[in-house]
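Fold and geometry: a report
Residue-level listing of the chains:
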Amino acid sequence: MALKVATWNVNSLNVRLGHLLQWLKGEPIDIVCLQETKLIDENFPVAALTAAGYRSLFSGQKTYNGVAILLRQDTVHEVANVQTQLPGIDDEQRRLIAATIDGIRVVCAYVPNGQAIGTEKYSYKLKWIAALHDWLHSELKQYGRLLAAGDFNIAPEPRDVHDPEAWAGQVLFSEPERAAFRALLNLGLKDSFRLFDQPGRMFTWWDYRNLAFRRKQGLRIDHILISDELAARCSGCTIDAGLRKLEQPSDHAPVIATLQ
DNA sequence: ATGGCATGACAATCATGA
């Protein structure tokens, strides 16, 4: 039985709940990782998602950040070891939620944006990824089947950027960020999207400004990383850009990995 | 051209995103 796992930065779950429900109705994903819910936990739409057949795990805050994992009740059964703190960093921002779901360690991450090179937020981004790296290192010793999905806010390679020359040295594509991403892969993780031949100009984020989506001016910054054991079971990874075409869309599109 | 566009908090702009 194939298992579909997705990650999507919704840029406000309040605004995007309709899109989410519509999407899941047409494509029943088994495990959905969400970022930028921008909701305090009391306001998480548990009832609407329960009615749609999903159990919700979430960690939110007011205005910014916020992450969640949705589990399709028909196909997902055991949930254990839910965790919302990233060890090794004193972070009040709600950017991580992890759970062991039917034996797979699922990590949902919203990596800091970084703002611009040389800023405090850029340092925080690199520090946050370093903490994620060290924690995933220990998790991988414990879990052979591990999946780390989310908005990494890093375009790993030139082909993940619509205009690599213009983006050279910019935040999201700077060498220290890309090195940090490679270090995650070097832990024994695969970028599931790159396990397969893909068309060119495949992105997951497009700026709201300048008709960037229509002009295909995007970045591939949302990723699903999987351990070797899961990579052996992975039969596909796609980006669902259709949601970016709807009225009042998120600026990110979901990434979907299929595991056999 | 350091903005454009979107979201939330808050009540006219401002912080943040990427």
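Presented here is an overview of the structure given in this document. Small disclaimer: the values here were computed from a predicted structure and weren't measured.

What follows concerns the overall build of chain A. Of regular secondary structure, chain A possesses 6 helices and 14 strands. Whereas a compact globule of 260 residues would reach a radius of gyration of roughly 18 Å, chain A reaches 17 Å, a difference of no more than 12%. Taken over 260 residues, chain A has a buried fraction of 54%. Considering only contacts within chain A whose residues lie at least 6 apart along the sequence, 69% involve residues at least 24 apart. Accessible surface, chain A: about 11,500 Å² in total, of which carbon and sulfur atoms supply 49%.

What follows deals with the packing of aromatic side chains. Counting across every chain of the model gives 4 aromatic pairs. Measuring from centroid to centroid gives 5.6 Å for W8 and W23, while their planes differ by 70°, and the two rings are edge-to-face. On the criterion of sequence distance, the pair formed by W8 in strand β1 (residues 3-9) and W23 in helix α1 (residues 13-26) is long-range, its members being 15 residues apart. For W8, a relative accessible area of 0% puts it in the buried group.

Further remarks concern the sheet that holds β1. If you walk across this open sheet you meet the 6 strands as β3-β4-β2-β1-β14-β13, and the pairing is mixed. The two strands at the open ends of the sheet, each matched to only one other strand, are β3 (54-59) and β13 (234-239). Taken over all neighbouring pairs, the strand axes of this sheet differ in orientation by 15° on average, direction set aside. Contacts between α1 and the sheet are confined to β1, β2 (31-35), β3, β4 (67-72) and β14 (255-259), with β1 contributing the most and set at about 155° to the helix.

Neighbouring DNA strand B are 25 residues; S12, E36, N113, L172 and R209 lie closest to it. Among the atoms of DNA strand B close to the protein, meaning within 4 Å, 72% are from sugar or phosphate groups. In this structure, a phosphate oxygen belonging to DNA strand B sits 3.4 Å away from a side-chain N or O atom of H252. Ranked by the residues each element gives to the surface near DNA strand B, the list is headed by α1, at 3 residues. Considered class by class, the residues forming the surface near DNA strand B number 8 nonpolar, 10 polar and 7 charged.

We now examine the sheet that holds strand β6 (residues 96-101). Across the sheet, 6 strands lie side by side as β5-β6-β7-β8-β12-β9; this open sheet has mixed pairing. Looking along the sheet, the strands with just one partner apiece sit at the ends: β5 (79-83) and β9 (189-191). On average, each strand axis in the sheet is tilted by 20° relative to the strand beside it, whichever way the strands run. Looking at chain direction, strand β7 (residues 104-110) and strand β8 (residues 146-151) are connected through 6 bridges and run parallel. Note on β8: the bridge partner recorded for V106 is L147.

With that settled, the discussion passes to the side chain of D30. Checked against the element boundaries, D30 lands in the loop between α1 and β2. There is a polar contact of 2.6 Å between the side chain of D30 and the side chain of T75. With residues up to four places along the chain from it excluded, the contact list for D30 reads A2, L3, K4, Y54, L70, L71, R72, T75 and V76.

About the cut-offs
Residues numbered from 1 in each chain as written. Chains lettered and ligands numbered in written order. Predicted model: local features only at pLDDT ≥ 70, side-chain atom pairs only at ≥ 80, totals over all residues. Heavy atoms only, no water. Helix = DSSP H or I, 4+ residues; strand = E, 2+ residues; numbered from the N terminus. Rg over C-alpha atoms; globule rule 2.2 N^0.38 Å. Buried < 20%, exposed > 50% of the residue type's maximum accessible area, 1.4 Å probe, protein only. Contact = heavy atoms within 4.5 Å. Areas by Shrake-Rupley, 256 points an atom, 1.4 Å probe, with all protein chains shown as cover. Phe/Tyr/Trp six-rings, centres within 6.5 Å; stacked < 30°, edge-to-face > 60°. Pairing = 2+ DSSP bridges. Axes fitted to C-alpha atoms, helices over the stretch in contact; angles between N-to-C directions. Near = heavy atom within 4 Å. Polar contact = N/O pair within 3.5 Å; in protein donor to acceptor, adjacent residues only side chain to side chain. Nonpolar A, V, L, I, M, F, W, Y, C, P; charged D, E, K, R; others polar.

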